[in-house]
Every structure is written in structure tokens, then in C-alpha cells.
Amino acid sequence: MASPLVATKLFVPTRRTGLVARPRLRERLDHGAKARLTLVSAPAGFGKTTLIAEWLANASKRASAWLSLDRTDNDPGTFWSDVIAALQTAAPGVGATMLSSLQSGQQLNEHLLAGLVNDLSAAPVAVHLVLDDYHVIDQPDVHAGITFLVEHLPPQIHIAIATRVDPPFPLARLRAQGELVEVRSADLRFTGEEATAYFNREMHLGLSPRNISALEERTEGWIAALQLAALSMQGREDVTAFVAGFAGNNRYVFDYLVEEVLQRQSEAVRSFLLRTSFLDRLSGPLCDAVTASRGGGALLDALHRQNLFLVPLDDRRQWYRYHHLFADVLQAHFVSEGEAELPILHRRASDWYEQNGERPKAIDHALAGADIERAAALIELAIPETSRNRGEAIIRGWARVLPAELVRARPVLGIGLVGGLVSRGEFEGIEDRLRDVERGLATLAQGGAPAHNLVVIDRDQLPRLPGAIELYRAALAQVRGDIVGVIHHAQRVLDLAPADDDLGRAGGTAFLGIANWSAGNLEAARCAWAEGRDGLQRAGHIADTLGVSIALADITLAQGRLGDAIEACDRALQLAAAQGGPPLRGTADMHAGLSELHRERNDLDAARQHLATSQELGARAGLPQHPYRWRIAAAQLRRDEGDFDGAIVLLDEAERLYISDFFPYVRPVSAIRARMRIAQGRLDEALRWQRERGFTIGDELSYLREYEHITVARLLLAQGAGGTEVRLFLDRLLESAVSGGRMRSVIEISLLQALASRAAGDGAVALVAVERALTIGEPEGYVRLFVDEGEAIASLLRAALKRGITPAYTRRLLAAFGPAERAQPAHADLIEPLSERELDVLRLLRSDLGGLEIARELMISLNTMRSHTKNIYEKLGVTSRRSAVHRADELRLFGHTQPN
Amino acid sequence: MRKPASSTPERHEAASYEIRLEGHLDARWAAQLDATSLIHESDGTTVISILAADQSRLHGLLQRIRDLALPLVSVTRLRPADPEQPSTLPAPLPNKGH
């Protein structure tokens with residue numbers, strides 16, 4: 001449901017009496033409806049709004065969606081929320097996904113807009129979207145969004161824009177494509193015929209052709225001026241004298257005519273018009289408060305009936321506004337006559353809005369009336385609610401206009417402004433502001449308030465200030481990449497924030513969690529996040545607990561605690577579900593996370609189901625990282641189905657959509673893609689990745705690079721290197737993972753060690769490594785880590801099974817290798833793996849080279865070659881070269897790559 | 001004729017401007033538009049002068065003029081350092097009009 005303030009923006013202006021039918025323009029607009037865009041571009045007072053409203057009321061078979069823009073629409077979030085609210089008046093439900101994404105604070109992006117375009121193409125009705133007063137928009141982002149919409153507009157939608165300035169769209173291109181129809185001031189101005197119809201048929205003024213042409217010439221057909229002239233002439237005896245006086249001077253048309261009109265009003269009406277001209281909205285009670293009199297509602301009604309440039313903003317005749325041009329000229333008159341009174345009137349308007357629960361408007365009027373002290377007090381009170389409603393842009397606006405001196409004396413106000421700025425990612429000058437707040441607090445603590453003119457309006461906020469200062473310092477350190485600083489300040493938050501300041505403490509623990517996570521201190525990070533989650537839950541910020549839970553799942557998974565990771569997601573989802581209402585933001589991330597977690601256990605049905613649910617919830621219930629997380633999960637499942645190309649496409653998208661959101665980037669998409677390429681046998685692509693990223697096995701190891709370093713080890717193994725260097729590298733990786741408590745990596749590295757040892761012919765060591773992986777993997781039920789390694793691990797598992805290592809688990813793992821694997825004859829078990837050299841020989845045995853040539857190729861003696869061959873035959877359980885080659889293929893010892 | 005101001009290097013510094021509009025604007029607008037002077041010319045135009053305006057102030061003023069639907073005739077940047085043009089400097093006080 002649109003708020004009352006928004007509702008007035010969606011109100012299609014009602015038709016006034018005394019309108020002239022303009023068939024020539026109506027035809028133009030009918031024609032325009034076949035194009036994508038109609039642009040009605042002319043200065044104020046040329047009847048743009050009336051023309052479109054008239055045309056919609058008469059000619060259109062389409063539904064209409066009207067939006068009167070104002071300055072607040074320069075915030076893309078506000079603009080698109082308003083556009084969707086307008087569209088929904090014509091096509092209910094359109095843009096619902098985009099709207100809830102915007103409401104949950106998601107930044108506008110082309111994906112959201114593309115979703116809106118999809119909704120519109122599916123809309124059952126044809127819609128005219130009208131954007132009135134588009135000239136108030138000066139935000140390039142808003143222009144870009146509308147350009148995107150126009151360029152992707154479904155055929156049943158048409159956009160009409162009324163503006164005083166041509167918008168920066170590619171108008172020339174649209175014009176050339178026949179997709180733009182324009183109505184400009186030369187088209188809009190009244191012709192002699194229209195002026196005659198207006199003055200004589202509608203206004204019954206009975207003007208002579210000569211007088212009409214004089215008026216027409218003087219005003220150049222400017223409609224607002226002709227209307228004012230008509231008002232001035234109503235009931236006048238000496239119409240010709242009026243026309244002569246008007247036509248015979250050079251004064252700005254509106255100056256002259258407004259004066260004329262004002263002179264013809266009673267003193268009461270004249271005073272009312274001037275004293276209310278500064279209000280951007282007028283209602284009876286507001287006008288009464290401002291003019292300190294009564295009867296404002298009846299007067300507004302009467303003025304509207306007289307066509308005195310009053311525009312209704314709703315159909316109950318509660319709110320009006322003056323025609324902008326009229327208001328501007330009235331204000332100029334008032335300022336020159338009653339400037340001293342203006343601050344008093346603003347004060348009254350401010351009081352009225354404050355009493356009627358519209359604090360932001362009360363602040364606007366306090367600022368406009370230069371009552372900066374009052375504005376500061378109101379802003380201090382308004383900040384908590386404004387930030388709850390994600391009005392950071394508004395807070396930033398306040399921070400800009402309030403003088404530093406004034407803020408310095410108000411520590412609660414100061415910290416509130418800092419909060420708004422930091423949430424917008426603005427860190428300039430924050431340190432100074434924090435120091436001012438700190439100084440103010442210190443003075444207060446000494447009881448020196450009166451002497452230092454310190455002002456605290458919202459006393460309830462005082463106790464949380466010391467913690468808040470440290471919280472924003474932690475944010476500053478985070479931005480600088482100073483992990484030690486983050487930990488220090490976040491710890492101070494927990495020391496200083498009162499026990500009942502759940503939000504402040506949760507902020508501290510979040511920073512502590514991020515810093516420890518980035519540093520690889522997983523257990524410390526886990527404890528911090530878990531504490532933060534519980535605090536947020538106590539504070540009732542359930543939506544925020546979801547964001548924390550996804551981090552918890554990431555961390556516990558890295559720790560190898562698969563069960564705990566699943567439990568963290570499940571618990572968050574239960575909590576969210578218990579709230580009722582639409583899905584909370586973050587639920588889509590939980591399902592994407594669960595998809596990956598269930599895949600680890602090879603529960604692919606559950607994984608697919610969670611992935612589908614996550615997609616259904618979509619961007620609507622997704623955190624900033626959701627588009628990336630969803631694609632990673634989907635790519636893994638694609639890979640399992642053997643669709644590598646599909647997986648790579650998803651990964652490319654994920655890379656483009658990745659947003660840090662403060663989380664450490666421990667599993668870069670480029671490395672995931674390199675692993676896919678390795679599994680696919682496209683080693684050239686993987687090698688290019690390694691070259692570009694510059695990784696070597698001599699690198700210093702860290703948690704942040706661990707995933708990439710393991711990828712490097714995989715690449716080396718895939719190239720057939722089973723040498724000492726790779727094994728030493730794996731040993732180092734293992735040691736680092738063990739000391740960091742990253743048990744998932746320990747399993748993975750152990751499996752790679754097993755493969756490396758096996759390739760080097762060291763079967764016993766390989767089995768030790770596999771046993772370690774099995775022992776750690778069993779309690780948590782890891783499956784895919786093993787299965788993804790393919791047949792090489794399967795044969796080692798069979799060997800492990802023979803030795804009775806975790807038999808139930810090992811059998812389960814072997815079963816997971818799929819029907820093809822189970823169908824393998826039992827004697828295919830390769831208990832003693834081939835050494836690297838033996839594999840080289842075997843590779844050449846598949847060629848048509850003779851024994852001597854093979855020995856020469858490998859630069860070994862014929863005897864050595866023979867003993868290798870003998871070992872190979874033994875290990876493979878064969879007696880001939882032909883059957884050895886056959887068995888090697890059966891065991892897929894060379895993967896998919898064929899020897900040259 | 002006034003020469004157009006040289007572009008570099010003071011392009012972004014504040015300068016004085018004369019803005020010529022069609023019609024005679026009431027003197028009360030001088031304060032509204034924050035103009036230094038407002039002069040009615042005999043050709044039926046009004047010349048508004050603003051001192052030391054940077055580009056954003058200039059555009060803000062042009063926007064106000066747009067919103068009043070005042071037909072714009074010309075905008076001229078004055079070159080205070082130009083010794084040939086001392087007399088074109090705007091008067092320091094608003095002209096009260098005719």
C-alpha cells in the first residue's frame with residue numbers, strides 16, 4: 001500500500017472546467033502511443049499536465065499509471081518505488097519483486113530493472129506510464145534507468161514524459177527509429193482559434209477579435225498567462241482598457257497579471273495567498289495554523305472553484321498545491337513585502353507538521369525558516385527512526401546543512417549523523433566528527449554541560465554513545481584494511497556498550513567476526529558471529545540474523561562442521577518463518593547455502609530443491625551476495641550432471657555479480673572455474689589462470705589464499721607431476737589447514753596427497769592419507785569431496801575397505817561413485833598404484849612404438865624398461881601388452897585425454 | 001563587442017555574469033534570484049548581473065529562470081581583468097527598475 005504522501009503523487013490530475021478541446025494535439029498523442037516514448041517538453045504554464053490528463057481521460061483504451069515527480073525522486077530507490085507504485089495502480093502486482101528488493105535496501109541494478117521489464121511484458125493490460133514534472137530529476141542513475149526501460153520496453157507499455165527540460169536520453173536515436181513523438185511549446189501554445197474558444201466559449205468574456213489577438217500576441221499563446229488574464233477580466237467593465245494596459249507594457253507577463261489578480265481579491269484572500277505561497281502542500285488545518293486564522297479549508301475550496309491556480313492532490317479535496325509558477329510569483333511578492341514574517345510562518349508550519357506526526361516536513365520548514373536550533377533538535381529525535389527506515393540519504397542531507405559548530409555541541413546528534421554517513425559509505429571527516437562526539441561526552445561526564453552549551457535532546461541515546469564511537473572506528477579500520485584495528489575497536493565496543501544495547505553489541509561482534517574470519521581465526525570468528533546472532537535475535541532484528549547466519553554457515557563449513565553449518569541455516573529459516581508475513585531478506589541465501597551443504601553429503605535431490613526454492617525467492621528475499629551465491633551452488637550441480645559449459649556460464653555470471661559485502665573472498669570464482677577446467681581436462685585454461693594470478697608452490701600460505709593454492713596443487717597433479725615438490729607443497733598446505741582448524745581443507749588436501757603418493761608409486765603413504773580423510777569425513781558425512789576426485793580415489797577407497805578402514809562409511813562412499821563404478825569387476829581394484837615412471841611407460845605402450853624406441857624416448861635402458869613393464873603387468877594383473885592397454889583404459893588411468 | 005572569456009585555466013573559478021531575459025522583470029526578483037543588479041533595458045529586456053558565481057550557482061540561477069518560464073536571451077561571462085571593459089562591471093547595488 002502506498003503511503004498517503006505517495007498517494008498524492010499517483011493522483012491523476014482531475015479535469016478542470018473551462019478546458020479547450022485540442023483535437024490537433026490529441027491526434028499527435030494518439031500517434032505517439034504507438035511509439036515507445038512521448039515527450040511533452042515546454043516551459044511552465046504551457047498546459048503539459050492538462051493535455052496528457054485530458055487525453056488519457058478521453059482517448060485511451062489503455063490503463064494509465066500516473067506519477068507526479070518531486071525532488072525526493074532523485075534517489076533512485078525512491079524513484080523506482082514510486083514508479084512501481086504508479087504501475088501497480090494499473091497492473092496490480094507488477095514490479096513486486098523489484099519493490100521489495102528496494103525496500104530491503106538493495107541497490108538498483110540492471111537485473112532488478114530487467115525483472116521489472118519481464119513483469120511488464122507479462123502484464124495482462126496495456127499501460128500508459130506518465131511521468132510528470134520529469135525536469136526535477138537530475139540524477140544520472142535515474143536517467144540511465146529510464147533509458148534502459150525505454151530501450152527494453154514491451155510493446156503494450158508506453159511512456160509519456162512531461163518536462164521543462166529535454167531529458168538526457170538518446171532522443172535522436174529514438175526519433176530516427178520513429179519511437180519518439182514530441183509535443184513542444186510551439187505546439188502547446190494556444191492558437192488564435194483556441195484562444196477565442198477559451199475566452200468566449202468557456203469563460204464567456206465576449207472579447208473582440210482585436211482584443212483576443214492583442215492578448216495572444218502579448219502572451220505568445222502562453223496558456224497560464226491567458227488564464228490569469230481571463231481571471232483579471234472576469235466581471236470587469238473596461239475589458240478593452242485592461243487589454244490595452246496589459247499589451248502596452250514590457251513587464252514580465254506573470255508579474256503584471258498576478259498583481260492584477262491579487263488586486264481584485266479581498267484583503268483576506270490576498271493575505272491568505274501570499275502567506276501560504278511558500279507551502280508545497282496545502283490543507284485547511286495547515287493553512288489555519290500558518291495564517292493563525294480559521295476557514296482555510298473553505299477558502300481553498302473556493303479558490304479551486306475560481307480556477308485560482310490550485311491543483312488538487314487527492315480526490316477528497318484535502319490537499320492542494322499552487323501551480324508552481326503562480327506560487328513562485330506569489331512568493332516573490334510576499335518576500336518583498338513581508339520578509340520579516342516568513343520565519344514565523346515557517347515556524348508555524350514546522351510546529352503543525354511536528355504535531356501531526358510528519359517530522360521530516362517539520363525539519364524542512366525549520367531549516368527553510370533558518371531556525372537551525374529547532375532543526376537540530378528535531379533531527380536528533382528523528383535519526384533513530386529514519387535510520388530504521390533506511391533513510392540514510394536523508395540523514396546525509398541533514399549532515400550537509402547543519403553547521404559543524406552546532407553539531408559539535410550535540411553529541412547525540414553528532415553520532416546519529418555519523419551513523420547515516422557511514423551507512424552510505426561516506427568516511428570523509430568521520431574521524432573528526434567522532435572526536436567531537438568524544439569531547440562532548442567527556443565534558444558531560446565532568447558535569448560541565450551548561451558552561452559548554454552542550455545540548456542533549458534524546459537522553460536515552462547517551463549510554464550507547466561510547467560503544468557507538470568505537471563501532472564506527474572499527475568501520476573506519478575495516479575500510480582501511482587494518483584488521484588489527486578492526487579487532488581492537490570491535491573489542492572496545494563489547495567492553496563499552498551497555499549490556500542491553502543488543503544492536504550496538506551485535507555490530508561489534510560482526511566486525512570482530514569479519515576480522516577474525518579474514519585473518520583465518522575461524523573459531524574466534526564463529527564465536528563472535530554466534531554471539532552477534534543471539535544479540536540480534538534478542539533485539540528483534542530477525543532479518544539481520546539471517547545475514548549473520550550465512551556467515552556462520554560459511555565459517556563452520558570451513559571448519560569441517562558440515563552438520564553445524566546445516567543447523568545454522570535451518571535454525572535461521574525456522575526463526576524467519578516464525579515471523580509470518582513475506583519472506584525475510586536473506587531466506588534466499590539460506591536456501592542457496594543449504595543447496596551447497598546438502599550437495600556435500602551427496603543428497604542431490606535436496607540440493608536441487610533448495611536451489612529451486614532459492615531461485616523462487618530470488619532477489620526479493622536475497623542479501624547482496626545472493627546472486628553470486630546462487631550461481632555458485634547452481635554451477636556445482638551442473639558440473640555433477642556433466643554439463644561443464646553450463647557450469648562455466650554460471651560461474652562467469654557469478655564473477656560479474658560478486659559483491660564483497662565485507663565478507664572475505666575465500667573462494668574466488670576464478671579459482672572455482674580453474675578447478676572446473678582441470679576436471680574437464682582443459683588444462684590450458686587452468687594454466688592461464690595460474691599465470692595470470694601468479695601463484696607458485698613457493699608462495700607463503702594464508703587462509704585467504706588457501707582455496708587458490710589447493711587449486712594450484714590440483715593443476716600440478718593433473719599435469720602428471722607427482723614429484724617431491726608437489727608433495728612438499730601439499731604437506732605445507734596440510735600443516736597450515738590443521739593449525740587453522742580448517743578440517744574441510746584437511747580432508748581435501750589429504751585426498752590430493754593420496755593421489756600424489758599413488759602417482760609416485762608410494763601406495764602405503766597414499767593409504768595413510770586416505771585413512772585420515774576418511775576418519776575426519778565420516779562423522780560429518782562428507783561425500784562429494786571424495787566422489788569428485790573420480791576413479792583414482794575410488795580404487796584407493798577399495799584398498800582402504802580391504803583393510804577395514806571406516807568400512808560402513810567407505811562402502812557408502814564407493815556406492816556414491818555411481819552405478820558405472822559398482823559394475824566394475826572386483827579384480828579391477830588397483831591395490832598397488834602405478835608409479836609415475838610406470839605410467840609413463842604404460843602411456844607409450846599404448847602407442848605403436850617398439851620396446852627399444854620406448855626406452856629411447858624415456859632415456860632409459862632397455863632393461864629398466866623391461867622391469868617397468870613387468871611391474872605394470874603385475875599390478876594390472878595382465879600378461880600382455882595388449883591386455884595392459886585394455887585394462888588401463890578400463891580403469892581410466894589416463895582420464896579422457898588420449899596419448900599422442 | 002565583448003570577447004568570450006578565455007576557457008583555460010580559470011575555467012572553474014567564479015566569475016561575474018550578465019543574463020539577459022525577455023520582458024521587464026519586477027525589481028523584487030533581484031532578491032529572489034540573488035542578483036547584484038537588475039536593469040530594465042529600453043529594448044524590453046532585463047539584464048541581471050551576478051557577481052563571483054561559480055558554475056553550480058550559475059546553473060542554479062538558470063534553473064530558477066527556467067521555472068519562471070522567463071525567455072532567456074543571452075548569458076555572458078564578464079572579464080573583470082579586461083581593461084577595455086571596466087564599464088561593463090555590474091553595479092554593486094540593485095537597480096530599482098523603472
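Here goes a summary of the coordinates provided. The structure presented is a predicted model; accordingly, all values stated were derived computationally and were not measured. (Residues numbered from 1 in each chain as written. Chains lettered and ligands numbered in written order. Predicted model: local features only at pLDDT ≥ 70, side-chain atom pairs only at ≥ 80, totals over all residues. Heavy atoms only, no water.)

### Some points on the overall build of chain B
For clarity, the cut-off: Here a helix means four or more residues in a row that DSSP labels H or I, a strand means two or more in a row labelled E, and each is numbered from the N terminus. Each residue gets one of three labels from its accessible area relative to the maximum for its type: buried under 20%, exposed over 50%, partly exposed in between, using a 1.4 Å probe on protein chains only. Residue contacts are counted whenever heavy atoms from the two residues lie within 4.5 Å of one another. Computed with the Shrake-Rupley method and a 1.4 Å probe, the accessible areas treat only the protein chains shown as cover for residues.
Along chain B, the regular secondary structure elements total 2 helices and 4 strands. Counting helices and strands in the order they occur from the N terminus, chain B gives β-α-β-β-α-β. When the 98 residues of chain B are sorted by exposure, 40% land in the buried category. Taking as baseline every contact in chain B between residues at least 6 positions apart, the subset at least 24 positions apart corresponds to 66%. Roughly 5,400 Å² of accessible area belongs to chain B as shown, and the carbon and sulfur atoms make up 56% of that amount.

### Description of the packing of aromatic side chains
Selection rule: Two aromatic rings from Phe, Tyr or Trp, using only the six-membered ring of Trp, form a pair when their centres are within 6.5 Å; if the ring planes differ by under 30 degrees the pair is stacked, by over 60 it is edge-to-face, and anything between is tilted. Ring-over charges, as used throughout, are those where CZ of Arg or NZ of Lys falls within 6 Å of the ring centre and within 35 degrees of the ring normal.
Counting across every chain of the model gives 22 aromatic pairs over all chains. Between Tyr252(A) and Phe254(A) the ring centres are 6.5 Å apart and the planes differ by 35 degrees, which places this aromatic pair in the tilted class. By relative accessible area, Phe254(A) is classed as buried at 0%. Ring geometry for Trp529(A) against Phe663(A): centres 6.0 Å apart, planes inclined by 80 degrees, an arrangement best described as edge-to-face. Residue Trp529(A) is found in helix H29 (residues 522-538), and its partner Phe663(A) is found in the loop between helix H35 (644-657) and helix H36 (669-680); the two are separated by 134 residues along the sequence. Per residue, the accessibility class of Trp529(A) equals that of Phe663(A), and both read buried. Here a set of aromatic residues connected by ring pairs shows up, and it is made of Phe46(A), Trp222(A), Tyr252(A), Phe254(A), Phe309(A), Tyr322(A), Phe326(A) and Trp29(B). The ring centre of Trp319(A) lies 4.4 Å from the NZ or CZ of Arg281(A), which sits over that ring. Across the ring face of Tyr707(A), the terminal group of Arg675(A) is positioned such that the distance to the ring centre comes to 3.7 Å.

### Concerning the packing of helix H46 (residues 836-845) of chain A against helix H48 (residues 862-876) of chain A
Residue and element names in this part refer to chain A. Heads up, the rule is: Helix axes are fitted only over the stretch in contact, all axes being lines through C-alpha atoms; the angle between N-to-C directions runs from 0 to 180 degrees. These descriptions rest on fixed angle ranges, namely under 35 degrees for roughly parallel, over 145 for roughly antiparallel, 65 to 115 for roughly perpendicular, and the rest for oblique. Basically, the charged four are Asp, Glu, Lys and Arg, the nonpolar ten are Ala, Val, Leu, Ile, Met, Phe, Trp, Tyr, Cys and Pro, and anything else, Gly included, counts as polar.
At their nearest, the axes of H46 and H48 sit 9 Å apart, and the two run at 90 degrees to each other. The pairing of H46 with H48 is recorded here as roughly perpendicular in orientation. Contacts between H46 and H48 pair Arg837, Glu838, Val841, Leu842 and Leu845 from the former with Met865, His868, Thr869, Asn871, Ile872, Lys875 and Leu876 from the latter. Here the contact of H46 with H48 is composed, by residue class, of 6 nonpolar, 3 polar and 3 charged.

### Concerning the interface of chain B and chain A
Heads up, the condition is: Summed over both partners, the accessible area (1.4 Å probe) lost when two parts come together is defined as the buried area. A side-chain nitrogen of Lys or Arg and a carboxyl oxygen of Asp or Glu constitute a salt bridge if their distance falls within 4 Å. Definition of a polar contact: a pair of N or O atoms within 3.5 Å, with one able to donate and the other able to accept a hydrogen when the atoms are protein atoms, and with sequence-neighbouring residues admitted only if both atoms are side-chain atoms.
At the interface, 16 residues of chain B touch 22 residues of chain A. Across the chain B to chain A interface the summed buried area is about 1,600 Å²; carbon plus sulfur atoms make up 49%. Run the count over chain B and chain A and you get 4 salt bridges. Linking Asp67(B) and Arg164(A) is a salt bridge whose minimum nitrogen-to-oxygen distance equals 2.5 Å. Where chain B meets chain A, there are 8 residue pairs in polar contact (both at pLDDT 80 or more). For the side of chain B that touches chain A, the elements supplying multiple residues, two or more each, are helix H1 (29-32) and helix H2 (55-67) of chain B. Considering each element in turn, the side of chain B that touches chain A owes the most residues, 4 residues, to H2(B).

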